[in-house]
Each structure stands twice: as C-alpha cells, then as structure tokens.
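Residue-level listing of the chains:
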Amino acid sequence: MSSLIKTTSISESQNIFFKRYSKSRSNLVEFLMNYNNALDGQRSNNNRLEYLDFNTIPTLKTNSALEKHASTIYSDSGFKLIQSEIEEAVDNVTMVTVSNIGENEIYVVNDKFSKNWTVSYSTSFDSYACSCKMFGRIGLVCSHIFWVLRNKKIKLIPNELHGGRWLKSKFVKAVHCGFDDDIETFIVADETKQEYRDMHGDFYDIAGLIEGDSDKIRAFRQIMAEGRKEVLGEGNVLSISEKRLMIENFYGSHVPSQIDVHPPDVVKTKGCGRRLSRLEKEMREMSKPGRKCGKCGEVGRHDSRNCDKIHEENNKKKRRNQC
C-alpha cells in the first residue's frame, strides 16, 4: 500500500475507510481480522464494478463515433464523464481561428462560457494538447480536443489520449507507483480469478431476475444456505485435534509446549471498584444475618450503642428531670 500513498488526502481517505472496520480497543488478533475484512470489502466492491463495466451496455446520447469507441474502452464512471465532454463538444464548442506554426496546427475554440481555449496538434508526434490541461490533471479528454478530433474526421480516440486511470483494465501497476498507460485493454486473469468473477456475475444476474418476488428470493436464500454448509463444512463437529490444527493454521504458529508468559496477578488497590448506591447498600445490609442487642436482648440490625429503646428511655428520663 505504500506505493499508493502519494498525497495527504489519499492517506486520510484510507484512514477513514479503515476506521469503519476497526475499534480503538481491539487487540492485535481483532485488528488483523478487521483489516482482512476491510480488504475483502474493497476487493468485493472492485469485482462488482469490474463486472458492471464489462457487462453493462451504456446508452449513447450522440451519433459520434468517438462516443461509441469511448463506451468500449472506458469504465462506467469514466465513460459518464467522457460522454458529458463529447456532448459539450457537439453542442456548444465552436471554432474561432485555425493556423499552422511549423509542424503544429493551432486551433482556437470557444466554449459555452464564451471563453477561448487553444488546442495544438503536433503532426510529427501525432499528439494533442489543450490550454485547459484537463487531460494532464485528471486523465480525461476535454471537449475542446474532442471538437478537434471530430473536425479532423477521426473515429477512434488516439491511444495517447486514453489515460490508464479510467480504462476497463488494471488501474495501477503491480509493483510501485504510477499509472500504467501501456497495459492491455482487457484483463488477463488466471482461472481462479476468472471463476471468482464469473461467480459474482452469476449472483448479480440471479439477484436482478428475482428482484421483487419474495418466494423466489426465499428459495434462493435457502439454496445458498445449504450450499454454504456443504462447501464450508458448517454444522460438522470437529474433534479437539482438528480444532487445534485449524487454529494453528489460521495464526500460522504452533502452541508452545511450555508457556513462560502468564497474565499478571490481580491486585486490589485502595480506591478500586465502584461506589454502591443507597439501595444497593440497604440490600447488602438486609442480606447479612441479625445479631442480638446487649441492652434490649432483641435480635435485629442494631447493637447496644444505637438501640432505639435505650434512647427512648433516656429521653423520657431527661424530660422528667426537666419537669
């Protein structure tokens, strides 16, 4: 992941994403499990988007051949942005002047905001550049270059204007930094990844067909539950040795024969514990057995120092003496 962290915004985005799956009080094992769940969530989302990119037929809004070609090479989100630029080029962009300077053709075009932009085409290198620098900033062709391409009767977007970020292909190089502009349009995957991608496709196809039918949804869920038990072996009782072997394979280490590190002894220091409420104190006093008073001879919750009968007799004597 270090090869992906280029700016502070990317690192902050990753931090917020992993906070959804982690907790501050998690131990190391819980953190690793949450981290793996986060990566699985990202991979599942990427596979779902790849399936939509390769199986969704976008709706064309113009008769331009460039838009048709863009729908075959760009991802779903990238094509929506490119489509808006092509519409802008068809409806609102107009030419102001055109001139030749050496081996470069200079086009000055005007957009819907009545602002002029300069598009230069190099005949020697067969490359395009616009003064708005949209392709250099986000990797998408602007409406000004699309107007020049339409004016030159070009039906396919040149390879140098594709931009690796938005293509229906791997977005980032396998090892360290940068976007790969030389990658193929379609992904060449091994059989396992292909089977996994096909499984996702089958699931979304069935989910789309049974949407709104509660009986079919309930039956499909029951089939998935039975298949999960059969594939994952859920419901089978494992022996102690099998459980231990499964745990050791999960953590990647064996249980040591002699354990030297033990949890510390619990020490009860002054002030530890929680304070009892008045009701809890009364309930605790009621649960204690009664004792016999040395003054009145009764069994209760008092002793000779706080006996109510002795206090009443003393108060009566005082009132008599005062009279």
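Definitions and cut-offs
- Residues numbered from 1 in each chain as written.
- Predicted model: local features only at pLDDT ≥ 70, side-chain atom pairs only at ≥ 80, totals over all residues.
- Heavy atoms only, no water.
- Buried < 20%, exposed > 50% of the residue type's maximum accessible area, 1.4 Å probe, protein only.
- Helix = DSSP H or I, 4+ residues; strand = E, 2+ residues; numbered from the N terminus.
- Pairing = 2+ DSSP bridges.
- 1 Å grid on protein atoms, 1.4 Å probe; cavity = no way out; pocket = protein on both sides within 12 Å on 5 of 7 lines; lining within 4 Å.
- Points joined across faces, edges and corners; volume = space filled by probe spheres on them.
- Nonpolar A, V, L, I, M, F, W, Y, C, P; charged D, E, K, R; others polar.
- Expected span 1.5 Å × (residues − 1).
- Contact = heavy atoms within 4.5 Å.
- Patch = residues over 30% accessible without salt bridge, like charges linked within 9 Å, V, L, I, M, F, W, Y side chains within 5 Å.
- Areas by Shrake-Rupley, 256 points an atom, 1.4 Å probe, with all protein chains shown as cover.
- Salt bridge = Lys/Arg side-chain N within 4 Å of Asp/Glu carboxyl O.
- Lys, Arg positive; Asp, Glu negative; His and termini not counted.
- Charge placed at Lys NZ, Arg CZ, Asp CG, Glu CD.
- Axes fitted to C-alpha atoms, helices over the stretch in contact; angles between N-to-C directions.
- Polar contact = N/O pair within 3.5 Å; in protein donor to acceptor, adjacent residues only side chain to side chain.
- Core = buried A, V, L, I, M, F, W, Y, C linked by side-chain atoms within 4.5 Å.

Visitor: Could you clarify how one ought to interpret the pairing of strand 4 (residues 127–130) in this entry?
Guide: Within a regular beta strand, the side chains point alternately toward one face of the sheet and then the other, so they alternate between its two faces. Only one face of strand 4 is covered, namely the face carrying Tyr128 and Cys130; the face carrying Ser127 and Ala129 is uncovered. Pairing between strand 3 (residues 116–122) and strand 4: four bridges, direction antiparallel. Of the residues in strand 4, the one forming a bridge with Val119 is Cys130. Joining the antiparallel neighbours strand 3 and strand 4 is a turn of four residues, in which Asp126 adopts a positive phi near 55°.

Visitor: Sorry if this is basic, but what is going on with empty space enclosed by the protein here?
Guide: Any space left empty among the atoms is revealed by the rolling of a water-sized probe across them. Within the structure shown, the criterion is met by one cavity of 30 Å³ or more. Residue lining of the largest cavity: Leu52, Asp53, Thr56, Pro58, Ser71, Tyr74, Ser75, Asp76, Phe79 and Lys168, and that is the complete set. Elements supplying a minimum of two residues to the lining of the largest cavity: helix 2 (28–55) and helix 4 (76–91). Residue classes in the lining of the largest cavity are distributed as four nonpolar, three polar and three charged.

Visitor: Looking at this structure, I do not really get the pairing of strand 3. What am I missing?
Guide: With seven bridges connecting them, strand 2 (residues 104–110) and strand 3 associate as antiparallel partners. If you follow Val108 over to strand 3, its bridge partner there is Thr118. A loop of five residues connects strand 2 with strand 3, the two strands running antiparallel in sequence, and Ser114 in this loop sits at a positive phi of about 60°.

Visitor: Just to check I follow, could you spell out helix 4 for this structure?
Guide: Three or four residues apart is the spacing at which side chains of an α-helix point the same way, because the helix has 3.6 residues per turn. Its 16 residues give helix 4 an end-to-end C-alpha distance of 23 Å, which sits within 8% of 22 Å, the value for a rise of 1.5 Å per residue. Every buried residue of helix 4 is accounted for by Gly78, Phe79, Ile82, Gln83, Glu85, Ile86, Glu88 and Ala89. Against the buried residues of helix 4 lie helix 3 (65–73), helix 5 (134–138) and helix 6 (143–151).

Visitor: Is there a simple way to think about a positive patch on the surface in this case?
Guide: A surface patch of positive charge is lined by Lys316, Lys317, Arg319 and Arg320. Within the secondary structure, Lys316 sits in helix 11 (residues 308–322). By relative accessible area, which is 44% here, Lys316 ends up partly exposed.

Visitor: Can you help me understand the sheet that holds strand 2 in this one?
Guide: Consider a sheet: its strands pair through backbone hydrogen bonds, and that pairing is either parallel or antiparallel. A sheet is described by the order of its strands in space; here four strands give the open sequence 1-2-3-4, paired in antiparallel fashion. Each having just a single partner strand, strand 1 (94–101) and strand 4 make up the two edges of the open sheet. Each strand axis lies, on average, 20° off the axis of its neighbour in the sheet, ignoring direction.

Visitor: Got a minute to help me understand helix 8 (residues 214–232) in this structure?
Guide: If you check helix 8, its first and last C-alpha atoms are 26 Å apart, about what 19 residues at 1.5 Å a residue would give, namely 27 Å. The N-cap residue of helix 8 is Asp213: its side-chain oxygen and the backbone nitrogen of Asp215 are 3.3 Å apart.

Visitor: Quick question: what am I supposed to make of the nonpolar core here?
Guide: Across soluble globular proteins, nonpolar side chains have a tendency to be buried as a group. Of all hydrophobic cores here, the largest spans 30 residues; its most connected members are Tyr74, Ile82, Ile145 and Phe146. Of all the elements in the fold, those that place two or more residues in this core are helix 3, helix 4, strand 2, strand 3, strand 4 and helix 6. Residues within four places of Ile82 in sequence aside, it is in contact with Ala70, Tyr74, Leu140, Val141 and Phe146.

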